[in-house]
Amino acid sequence: MSKTIVTPLLPALAVAFTLNLHAEPAWTTGSYAPADWQPLDGNILLNVTGTSASVGATGYDSSDLAVLTNGSVPTSTSENKGGIFGFKNGENISWTFAAPKTLEQIRICTCYLSSTAYDGVHIAKVEAMFFGESSWTQVAGESQYNGESSAGKINYAVLTNGEGPVVQNIIGLRITFGMCETGFANYYTEIEAVGVAGATGPVIGSFAIAPAKTKAMVSGTITDPGTDATACDVYLALDDGAATKIAEGVTGLFEHQILGLTAGTTYAYELSVSNNAPTSRGTVQSGDFMTLASDASTAFWTTSEGVPGDFSPLADNLIANKTGAVSGGSVSGYGGGVELLTNGEVSGVTKQTCGLGENRAVEWSFDGPKTLERIRFTTCDIPDGRQYDDIKISKVEVKTAGSDSWADLGVVPLDYAGGNAQGGALFATLADAETGFLGQNVTAIRITFGKPNNFAQYYAEIEAVGHAADQKNGVIIYVL
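Can you lay out the pattern of salt bridges for me, pointing to particular residues and giving the numbers?
Under the criterion given, the structure shown has 11 salt bridges. Between Glu 127 and Lys 125 there is a salt bridge, and its shortest N-O distance comes to 3.7 Å. In this structure Lys 125 comes out as partly exposed when scored by relative accessible area, which is 28%. Through salt bridges with shared partners, one network takes in Lys 125, Glu 127 and Arg 174.

Describe the packing of aromatic side chains, with residues and values.
Each pair of aromatic rings is reported with the distance of its centres and the angle of its planes. A full pass over the atoms with the stated rule returns eight aromatic pairs. Centroid distance Tyr 269 to Phe 289: 6.3 Å. Interplanar angle 40°. Geometry classified as tilted. Of this pair, Tyr 269 sits in strand E18 (residues 266–275) while Phe 289 sits in strand E19 (residues 281–290); the two residues are 20 residues apart in sequence, bridging distant segments of the chain. Overall, the relative accessible area of 12% leaves Tyr 269 in the buried class.

Requested: an account of the environment of Phe 87, with residues and values cited.
Structurally, Phe 87 can be placed in strand E4 (residues 85–87). Given the relative accessible area of 0%, Phe 87 is considered buried. Along the sequence, Phe 87 and Tyr 187 sit 100 residues apart, while their C-alpha atoms lie 6.5 Å from each other.

So what about the environment of Leu 261? Which residues, and what values?
With respect to the helices and strands, the residue Leu 261 is situated in the loop between strand E17 (253–259) and E18. Expressed as a C-alpha distance, the spacing of Leu 261 and Thr 214, which sit 47 residues apart in the sequence, is 4.4 Å. If sequence neighbours within four positions are ignored, Leu 261 has contacts with Thr 214, Lys 215, Ala 216, Leu 238, Tyr 267, Phe 289, Thr 291 and Gln 440.

Break down the pairing of strand E30 (residues 461–468) for me, with residues and values.
The buried fraction of E30 amounts to six of the eight residues, a majority that puts the element mostly inside the structure. Relative to E30, strand E23 (residues 361–380) runs antiparallel, the two sharing eight bridges. Looking at the pairing, Arg 374 lines up with Val 465 of E30.

Tell me about the nonpolar core, residues and numbers included.
Soluble globular proteins: nonpolar side chains tend toward being buried together. Membership of the largest hydrophobic core comes to 33 residues, with the highest contact counts inside it found for Leu 372, Ile 375, Phe 377, Ile 391, Ile 393, Phe 449 and Ile 462. Per element, the largest residue contribution to this core is six residues, and it comes from E23. Dropping the residues within four chain positions of it, Phe 377 is found in contact with Trp 301, Ile 391, Ile 393, Leu 426, Phe 427, Ala 428, Ile 447, Phe 449, Tyr 459, Glu 461 and Ile 462. Judged by nonpolar contacts, the second largest core, of 32 residues, contains Leu 65, Leu 103, Tyr 145 and Ala 157.

Let's hear about the side chain of Asp 432: which residues, and what values?
Take Asp 432: it is sitting in the loop between strand E27 (425–431) and strand E28 (439–449). One buried charged side chain, Asp 432, makes no salt bridge at all; its nearest oppositely charged neighbour is Lys 215, positioned 4.2 Å away.

Report on the pairing of strand E26 (residues 414–417), specifying residues and quantitative values.
With burial as the criterion, only one face of E26 is covered, namely that bearing Leu 414 and Tyr 416; the residues Asp 415 and Ala 417 on the opposite face remain uncovered. Of the pairings in the sheet, the one linking strand E24 (residues 390–400) to E26 comprises four bridges and is antiparallel in character. Opposite Ile 391, over in E26, you have Tyr 416 as the bridge partner.

Pulling in residues and values, what's your account of unusual backbone geometry?
Glycine aside, residues mostly have negative phi, and peptide bonds are mostly found in the trans state. Phi angles above zero are rare outside glycine, and Asn 47 is one such case at about 65°. Along the chain, the position of Asn 47 falls in the loop between strand E2 (26–32) and strand E3 (51–52). Even without being a glycine, Asn 359 presents a positive backbone phi close to 65°. Here Asn 359 shows up in the loop between strand E22 (354–356) and E23.

Cut-offs and rules
Residues numbered from 1 in each chain as written. Predicted model: local features only at pLDDT ≥ 70, side-chain atom pairs only at ≥ 80, totals over all residues. Heavy atoms only, no water. Salt bridge = Lys/Arg side-chain N within 4 Å of Asp/Glu carboxyl O. Buried < 20%, exposed > 50% of the residue type's maximum accessible area, 1.4 Å probe, protein only. Phe/Tyr/Trp six-rings, centres within 6.5 Å; stacked < 30°, edge-to-face > 60°. Helix = DSSP H or I, 4+ residues; strand = E, 2+ residues; numbered from the N terminus. Contact = heavy atoms within 4.5 Å. Pairing = 2+ DSSP bridges. Core = buried A, V, L, I, M, F, W, Y, C linked by side-chain atoms within 4.5 Å. Lys, Arg positive; Asp, Glu negative; His and termini not counted.

Have a look at this one:
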């Protein structure tokens, strides 16, 4: 959840965040006379018993991991202060903390035993688990020191970073041991990790992803921005791509809609936060979600009746004053053609209607990719006693940027017959209340009409409401 790592080991995450990277921590080794050797202050491992995943070496006088962190460093070559613990090549020991820590240095020591020279120090790697995460990240590499095998010597290896802490905001530390050249195993008398309480990072409360066919809604809450912080920025990455900021200055609820997805597809995601305390940032949620199948309908029709006097054109009509192309047969109208479908007029007179029969289709193209929000169909009663005011739509299709083929939106066909009052009008609106749009990156729309009760259906107006697409890194993203 909150990560500041001071080694340049995570290039992918470094793209998403500025992590205040420092030089890689380095090992120093040497030997001290017992008189110079004192326990370190601020040891966060003091009296914390570690856990080893694969202990196979035999210790001297002890097999209790607690002796490694009891604060008793040896003061002579024969004194082991309760035990010396042995680790074979590849074994590790880990410690966990109840609250985040800032790690400043690690010191590992062993002393010469008068009987056998088991005084080498060999660390294969050091790893940390960051606050809010459950996996280990390497923060330091290998160090080997075979030391002096003589009386009065205590061999040690110290990991430090001259430019600052070794690592910050960790809740776990794991050390993996290597093979010592002087014997079967490394034998250690004390391990110390100097540190202080770390800053807490942002805390995510609720979090959810609600997918549709070609979009998904991300929502959540930040219940605590972290130590010395007042607000957070939220980032989202899909399928190991670069993280994009989806919300800024969040103090509570955040929402974000991902557009431009492919139906029936599984996406991996990584949600990260960055607060305005620069040492508290990192990954908080990761996983995957699947968009709905292409035949899953999330768009629904609504119908209503009115009179032409109530009619007003919809704003942002993408096909306003466009003349559509007709396929599937001829258009039979009352004194007018398909251009009347998009001129923004419904007067109730015969010259304002256009007749469309079964399997006739009309299509319109756009001058650039659009986000299609809804479609409204209007027909009015012809005052000659015949009821030409039913609305039957069998299919709605779109073309998207980069494709020459039509994609069916999977909308349930509409069969709606309303009243026949003189001067009345019927309305049918196709919209998707769940996701807020019907399609994105749309470059053309085609509507196929169904079989009417009579020879043809007579439409007064067709409107397609939308806006220009906002393309960003291959995925259309809007911050709500």
